Amino acid sequence: MRQPRDLEEVLQVSDDHAITLHGEANRRDLSDPDDRFILCIEVAHACRSSADTSRRLKSVVQDRAREGKPQGGVRRFGDRRQGVDQRHCPCAA
């Protein structure tokens, strides 16, 4: 989960319907206020990390556009503008 509002919604539904939630990573007892607090911090951290990555990528795209550089990377399999690039074709022998 990367958005605090998503966590709040899941916790509210779980509380309203007496649902016990289980996850594989970072086990938390959601009946324990301290574990809920830690989970909220973890989700807020994930949200911040995601926002930082987004901001950095947008900045790179803007810089490349300003410099007139292409935005793409390796031509994907099946792009026929100049024929299929056999190095990226999974069927190439």
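In the block above lies the structure referred to throughout.
Residues numbered from 1 in each chain as written. Predicted model: local features only at pLDDT ≥ 70, side-chain atom pairs only at ≥ 80, totals over all residues. Heavy atoms only, no water.

J.: Hey, could you run me through the nonpolar core in this one?
T.: Taken as a class, soluble globular proteins show a tendency for nonpolar side chains to be buried jointly. Counting residues in each nonpolar core, the largest one holds five residues, listed as Leu7, Leu11, Leu30, Leu39 and Val43. Secondary-structure elements contributing two or more residues to this core are helix 1 (4–16) and helix 2 (33–66). Beyond its immediate sequence surroundings of up to four residues, Val43 is in contact with Met1, Arg2, Gln3, Pro4 and Leu7. (Core = buried A, V, L, I, M, F, W, Y, C linked by side-chain atoms within 4.5 Å. Buried < 20%, exposed > 50% of the residue type's maximum accessible area, 1.4 Å probe, protein only. Helix = DSSP H or I, 4+ residues; strand = E, 2+ residues; numbered from the N terminus. Contact = heavy atoms within 4.5 Å.)

J.: Help me understand the packing of helix 1 against helix 2 in this model?
T.: For any two helices packed against each other, the geometry is given by the interaxial angle and the distance between the axes. One way to put it is that helix 1 packs onto helix 2 with a least axis distance of 9 Å and a crossing angle of 150°. Here helix 1 lies roughly antiparallel to helix 2, going by the angle between them. Where helix 1 abuts helix 2, its residues Pro4, Leu7, Leu11 and Asp15 lie against Arg36, Leu39, Cys40, Val43, Ala44 and Cys47. Its residues assigned to classes, the contact of helix 1 with helix 2 comprises eight nonpolar, no polar and two charged. (Axes fitted to C-alpha atoms, helices over the stretch in contact; angles between N-to-C directions. Parallel < 35°, antiparallel > 145°, perpendicular 65-115°, else oblique. Nonpolar A, V, L, I, M, F, W, Y, C, P; charged D, E, K, R; others polar.)

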